[in-house]
Amino acid sequence: YGDVVQVIQTEGVHAALGVPLLQGRFFTRDDRMRGLPVVIVNRQFVSRFLGERQNPIGRTISYGGQPHTIVGVVGDTQELSVRQELKPVAYFPFRTEQWQPARVFLVARLSSGGVQEWVSRVQSLVPGIAVEAHPLTIRWTREAAPIRFAALSLSGIGLVSLILLAVGVSAVVVKTVADQQRRLAVQMALGAPIPLIQRQVTSSLFWPVAVGMAAGLLLARAVSPLFDSLVFETSVFDMSIWVVALVVVTASAAVPAWTVSRRVFLLDPATILRES
């Protein structure tokens, strides 16, 4: 299985980290003590190599020339870095007779005041060992800082662009209605009903705005995957973001159109014709 991250760990690590169990079970003490050839895989592993429609529990995969039975499926996690895409992961039970690592990561759920006590206990069990204790929240903050900055910067650019777009659309709408004052005055002088004229004005403004919005949405949808890795704790395809953008653009066209056209309809047609 290419591109698979292989993790060696003892029982209890998934529970300590809060990794959800989707199917089967976690590792047990018997798996480690008896040297059972078992493995836990994540959702990415199942979808990529086994298929979502089949039950992966009880199936075997080959590792190190030996078949290992899948006993559990866990949720996807970032094993290497939060900046990398999710990868298929296979977890194997730790056995001292097989693995002699130079560096070991220990995971424990502790209160804020219990970190030093935990470090002292580990050092008492293995004299001379060097222990570094880092809360996962701090490590997560450090890893996520560049992503947060990129997401905030991208959000700021998007907000400024949306504001400029709204201002531009409003200006175009105001100019368009103002240019139609003479034609509107002639229609009113000839006795055309005001509701009919309002519908004509709305229709003349609606189609250019609608076509522009449709083209903008299609273009944004096409380039969105390029920015998906820059957003944080959301997705570029989040419908709430698209709805807000549509509402802002629609309002920036509708409000000025209604305001200016209403002001035009309140004026005397003869006055408009004399001024033009």
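Nothing here was measured: the structure is a model prediction, and the numbers come from that model.

Engineer: Is there a simple way to explain the overall build of the protein in this structure?
Structural biologist: Across its full length, the protein carries nine helices and six strands. Within the protein, buried positions represent 26% of all 276 residues. With the model as given, the accessible surface of the protein reaches about 18000 Å², and the carbon-plus-sulfur share is 61%.

Engineer: Could you clarify how one ought to interpret helix H6 (residues 181-189) in this entry?
Structural biologist: Helical geometry note: an α-helix holds 3.6 residues per turn, so side chains three or four residues apart project in the same direction. Buried residues of H6: Leu184, Ala185, Gln187 and Met188, and no others. Down the axis of H6, the smallest arc covering the buried residues is 160 degrees, so these residues share one side. Opposite the buried face of H6, at more than 90 degrees from it, the exposed residues are Arg182 and Ala189. One or two positions beyond H6, positive phi appears at Gly191, with a value near 90 degrees.

Engineer: I would appreciate a short explanation of the confidence of the model for the protein in the present structure.
Structural biologist: Interpretation of this model should avoid reading the predicted coordinates in detail wherever pLDDT is low. Mean pLDDT over the protein: 77, with 83% of residues reaching 70 or higher. Between the elements of the protein, mean pLDDT differs from a low of 67, seen in helix H9 (residues 269-275), to a high of 94, seen in strand E3 (residues 38-42).

Engineer: What exactly am I supposed to notice about the pairing of E3 here?
Structural biologist: For a regular strand, side-chain orientation follows a simple rule: the groups alternate between the two sheet faces. Burial within E3 is extensive, with five of its five residues counted as buried. Across the two faces of E3 the burial is the same, with Val38, Ile40 and Asn42 and Val39 and Val41 all buried. One ladder, built from five bridges, connects E3 with strand E5 (residues 66-74); its direction is parallel. From the neighbouring strand, Val38 faces E5, where its bridge partner is Thr69.

Engineer: What's the story with the pairing of E5 in this structure? I'm lost.
Structural biologist: With three bridges joining them, strand E2 (residues 21-24) and E5 adopt antiparallel strand pairing. Bridging from a neighbouring strand, Gln23 pairs with Val73 of E5. With four bridges connecting them, strand E4 (residues 60-63) and E5 associate as antiparallel partners. Its bridge partner being in E5, Tyr63 is matched across the sheet by Gln66. Between E4 and E5, which pair antiparallel one after the other, the connecting turn spans two residues, and Gly64 there sits at a positive phi close to 65 degrees.

Engineer: What's the story with the pattern of salt bridges in this structure? I'm lost.
Structural biologist: Think of it this way: side chains of opposite charge can pair up when their charged atoms draw near. One pass over the structure, following the stated rule, counts four salt bridges. In this structure, Lys87 engages Asp3 in a salt bridge whose closest nitrogen and oxygen atoms are separated by 3.3 Å. Of this pair, Lys87 sits in the loop between E5 and strand E6 (89-93) while Asp3 is found in the segment before strand E1 (5-9), placing the two residues 84 residues apart along the sequence.

Engineer: Help me out: how do you make sense of helix H5 (residues 136-179) in this one?
Structural biologist: Its 44 residues give H5 an end-to-end C-alpha distance of 63 Å, which sits within 8% of 64 Å, the value for a rise of 1.5 Å per residue. For H5, the principal kink sits at Ala144 and spans about 45 degrees; a proline, Pro146, occurs within the next four residues. Along H5, the residues that are buried comprise Ala144, Ile147, Ala151, Leu162, Ala166, Val169, Val173 and Val177.

Engineer: What am I meant to see in a nonpolar patch on the surface here?
Structural biologist: A cluster of nonpolar side chains, Leu17, Val107 and Leu136, forms an exposed patch at the surface whose accessible area comes to about 240 Å². Structurally, Val107 is set in the loop between E6 and helix H4 (115-125). Note on Val107: relative accessible area 33%, which makes it partly exposed.

Engineer: For this particular structure, what's the right way to read the environment of Val39?
Structural biologist: Inspection of the secondary structure puts Val39 in strand E3. Overall, the relative accessible area of 0% leaves Val39 in the buried class. When the C-alpha positions of Val39 and Phe27 are compared, they lie 8.4 Å apart, and in sequence the two are 12 residues distant. Not counting chain neighbours up to four residues away, the residues in contact with Val39 comprise Phe27, Ile61, His68, Thr69, Ile70, Val71, Gly72, Ala90, Tyr91 and Phe92.

Engineer: I tried to follow the nonpolar core on my own but got confused; where do I start?
Structural biologist: Looking at soluble globular proteins, one finds that nonpolar side chains tend to be buried together. Counting 11 residues, the largest nonpolar core is built from Val4, Val39, Val41, Phe45, Val46, Leu50, Ile61, Ile70, Val73, Ala90 and Phe92. Of the residues forming this core, the biggest block, three residues, is contributed by helix H3 (residues 43-50).

Engineer: Is there a simple way to think about the environment of Leu110 in this case?
Structural biologist: Note on placement: Leu110 falls in the loop between E6 and H4. Residue class for Leu110 comes out partly exposed when judged on its relative accessible area of 42%. C-alpha of Leu110 to C-alpha of Ala16: the two residues are 94 residues apart in sequence and 9.8 Å apart in space. With sequence-adjacent residues up to four places away left out, Leu110 is seen in contact with Val115 and Trp118.

Basis of the calculations
- Residues numbered from 1 in each chain as written.
- Predicted model: local features only at pLDDT ≥ 70, side-chain atom pairs only at ≥ 80, totals over all residues.
- Heavy atoms only, no water.
- Helix = DSSP H or I, 4+ residues; strand = E, 2+ residues; numbered from the N terminus.
- Buried < 20%, exposed > 50% of the residue type's maximum accessible area, 1.4 Å probe, protein only.
- Areas by Shrake-Rupley, 256 points an atom, 1.4 Å probe, with all protein chains shown as cover.
- Arc of directions from axis to C-beta.
- pLDDT = per-residue confidence, 0-100.
- Pairing = 2+ DSSP bridges.
- Salt bridge = Lys/Arg side-chain N within 4 Å of Asp/Glu carboxyl O.
- Expected span 1.5 Å × (residues − 1).
- Bend = angle between axes of the 7 residues up to and from the residue.
- Patch = residues over 30% accessible without salt bridge, like charges linked within 9 Å, V, L, I, M, F, W, Y side chains within 5 Å.
- Contact = heavy atoms within 4.5 Å.
- Core = buried A, V, L, I, M, F, W, Y, C linked by side-chain atoms within 4.5 Å.

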